[in-house]
Amino acid sequence: EAALLTGDLPPSERRVLWSTGHGSEGWRREGRHGWAGGADAPAAARRLFFCTPQTFENDLRLGVADGRRVVCVVMDEAHHAASAGYAYAKVAELLRCAGASCRILALSATAGADLGAVQRVVRTLRICSLEARAEGDADLLAHTHCRAVRVVRVAATRSSAAAAAAA
């Protein structure tokens, strides 16, 4: 029920994989909660697609994938959506333009360098509910390990100062 889609696969082959999902020939929408197939359902029906955001963006943009049929998108390292040119931002916009009614689950261990960056991700992906965890939270403590952090301050050399000034 899953397909791995990469840019190495030609769009024509990705189109076939996308189309053997829920909306393919012989399948019908069954209420709000799922799909029903019956005897005429495709043998290799796809429900899960694993791909890079760039592949997904290209497939949506080229019409290889139908955004209206997307139910849920999981975005790992979602803080990249703060960059307007990154594929996550484009995928979210293409799904909106297609009229998709889907949920986006955005995950990130590093939500952003500051509140403004976090807000850009929230705005770009139209996040309506946010949950945050810090390493000291009770529900994470059982899954973390002790570590020692030592800050070492090093004086800048002339060459490192010149490189920093040039950047």
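Residues numbered from 1 in each chain as written. Predicted model: local features only at pLDDT ≥ 70, side-chain atom pairs only at ≥ 80, totals over all residues. Heavy atoms only, no water.

Chemist: In this structure, what is going on with the overall build of the protein chain? I would like to understand it.
Modeler: A count of helices and strands for the protein chain gives six helices and six strands. When the helices and strands of the protein chain are read in sequence order from the N terminus, they spell out β-α-β-β-β-α-β-α-β-α-α-α. In the protein chain, which comprises 167 residues, the share counted as buried stands at 24%. By sequence separation, contacts in the protein chain at least 24 residues apart represent 65% of the contacts at least 6 residues apart. (Helix = DSSP H or I, 4+ residues; strand = E, 2+ residues; numbered from the N terminus. Buried < 20%, exposed > 50% of the residue type's maximum accessible area, 1.4 Å probe, protein only. Contact = heavy atoms within 4.5 Å.)

Chemist: What's the story with the environment of T110 in this structure? I'm lost.
Modeler: Note that T110 resides in the loop between strand 6 (103-106) and helix 4 (115-125). Classification of T110 by relative accessible area gives partly exposed; the value is 49%. Residues T110 and H80, 30 residues apart in the sequence, show an inter-C-alpha distance of 9.8 Å.

Chemist: Whenever I open this one, the packing of aromatic side chains confuses me. Can you help?
Modeler: Inspection of every chain in the model, using the stated rule, returns three aromatic pairs. With a centroid separation of 5.6 Å and an interplanar angle of 20°, the aromatic rings of W18 and F56 are classed as stacked. Pair noted here: W18 is in helix 1 (residues 11-19) and F56 is in helix 2 (residues 53-61), with a separation of 38 residues, a long-range link. Here W18 falls in the buried class, since its relative accessible area comes to 10%. In this structure F56 comes out as buried when scored by relative accessible area, which is 8%. Their ring planes at 75° and their centres at 5.3 Å tell us that Y86 and Y88 sit as a pair that is edge-to-face. Y86 gets classed as partly exposed once you look at its relative accessible area, which sits at 24%. (Phe/Tyr/Trp six-rings, centres within 6.5 Å; stacked < 30°, edge-to-face > 60°.)

Chemist: What am I meant to see in unusual backbone geometry here?
Modeler: Trans is the common state for peptide bonds, and a negative phi is the common state for residues other than glycine. You will see that E77, though not glycine, has its phi angle at about 60°, which is positive. With respect to the secondary-structure elements, E77 resides in the loop between strand 5 (72-75) and helix 3 (87-98). For E77, a relative accessible area of 35% corresponds to the partly exposed category. Although it is not a glycine, R126 adopts a positive phi angle of roughly 55°. As for its placement among the helices and strands, R126 is situated in the loop between helix 4 and helix 5 (138-141). Residue classification places R126 among the exposed positions, given a relative accessible area of 57%.

Chemist: Is there a simple way to explain the confidence of the model for the protein chain in this structure?
Modeler: As a general rule, the predicted coordinates of low-pLDDT regions are not to be interpreted in detail. On average, residues of the protein chain carry a pLDDT of 82, and 86% of them reach 70 or more. Note on residues 22-43: pLDDT under 50 across the span, and 28 contacts to partners over four residues away in sequence or across chains. (pLDDT = per-residue confidence, 0-100.)

Chemist: What am I meant to see in the side chain of D59 here?
Modeler: Mapped onto the elements of the fold, D59 is located in helix 2. Given a relative accessible area of 0%, D59 falls into the buried group. For D59, the side chain forms a polar contact with the side chain of R14, separated by 2.6 Å. Not counting the four nearest positions on each side in its chain, D59 is found in contact with L5, R14, W18, V64 and A65. (Polar contact = N/O pair within 3.5 Å; in protein donor to acceptor, adjacent residues only side chain to side chain.)

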